[in-house]
Amino acid sequence: MFPFLQNNLYTKVKLPKGTVVFREGDICEHVAFIVSGVIRVAKIGENGKEVNLYRVCRGESCVLTISSVLSRSPFPATAIVEEDAEAMIVPKDTFVTMMTTHTQLQTFVYDMMMNRFMAMMQMIEHIVFEKMDKRLIEFLLGWCEKNKTNVIEMTHEYIATELGTAREVVSRILKQLEREGYVQLARGKIKIVDKEKLYDKLATM
């Protein structure tokens, strides 16, 4: 999975769900390469509201960690284990040395940074240029397609964090969709009543 990592260069660790890997302002003492699980990277405001920046999954590493290590600057966000994870941990000094000599690692890092940059650009475009009701419908339909179900078990707060908006905005739009007959709302659940009609509504937005 990571051909540039020899056995003597890393330590394998298990990271249970809910573990805070880094808090904003922390100094990164290592770089983690994810073998399994998911780590969520988010920006948390002074009011406690969160905006998800990206997720680090199997076969990836965290670009903000790498950036912090290479620039010797504090971690600018918060990284939390979202699904039980296993990772290969490389000390920061070892990683910096490897970046000067291992072309495979350089290619891995540059490709990953470019992909993450493009994804962030796309997210910014969605936030700035698309209406929130359209983004919410896209999120709901995308989640249903991915999980092969019409029932979405998540809170309005969770959806707001995913979309980078306020819970009140999500709740208002969902209530309007319920009045129009597209969804049914229950505590912690959203049921898509007619997926095809919701797709039709999305096509007109």
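- Going by the annotation in an unreviewed UniProt entry, the name recorded for the chain is CRP/FNR family transcriptional regulator, with Anoxybacteroides voinovskiense given as the source organism.

**As for the side chain of T161**
Okay, step 1: Relative to the assigned elements, T161 resides in helix α5 (residues 156-163).
Okay, step 2: Among the residues examined, T161 registers a relative accessible area of 12% and is labelled buried.
Okay, step 3: Discounting chain neighbours no more than four positions away, the residues touching T161 are R40, E50, V51 and N52.

**A closer look at the domain arrangement of the chain**
Okay, step 1: According to the domain assignment, the chain contains domain 1 (11-105) and domain 2 (126-204).
Okay, step 2: Contacts between domain 1 and domain 2 engage seven residues on the former and six residues on the latter.
Okay, step 3: Between domain 1 and domain 2, a total of about 460 Å² is buried, with carbon and sulfur atoms accounting for 41% of that surface.
Okay, step 4: Among the residues of domain 1 in contact with domain 2, K49, E50 and N52 are the three that bury the most area, contributing 62% of the side total.
Okay, step 5: Between the two partners, domain 1 and domain 2, sit one salt bridge.
Okay, step 6: With its nearest N and O atoms 2.5 Å apart, the salt bridge here joins R55 to E162.
Okay, step 7: If you look at where domain 1 meets domain 2, you find four residue pairs in polar contact (both at pLDDT 80 or more).
Okay, step 8: Considered class by class, the residues forming the side of domain 1 that touches domain 2 number one nonpolar, one polar and five charged.

What counts, and where the lines are drawn
- Residues numbered from 1 in each chain as written.
- Predicted model: local features only at pLDDT ≥ 70, side-chain atom pairs only at ≥ 80, totals over all residues.
- Heavy atoms only, no water.
- Helix = DSSP H or I, 4+ residues; strand = E, 2+ residues; numbered from the N terminus.
- Buried < 20%, exposed > 50% of the residue type's maximum accessible area, 1.4 Å probe, protein only.
- Contact = heavy atoms within 4.5 Å.
- Domains from an automatic or database assignment.
- Buried area = accessible area lost by both parts, 1.4 Å probe.
- Salt bridge = Lys/Arg side-chain N within 4 Å of Asp/Glu carboxyl O.
- Polar contact = N/O pair within 3.5 Å; in protein donor to acceptor, adjacent residues only side chain to side chain.
- Nonpolar A, V, L, I, M, F, W, Y, C, P; charged D, E, K, R; others polar.

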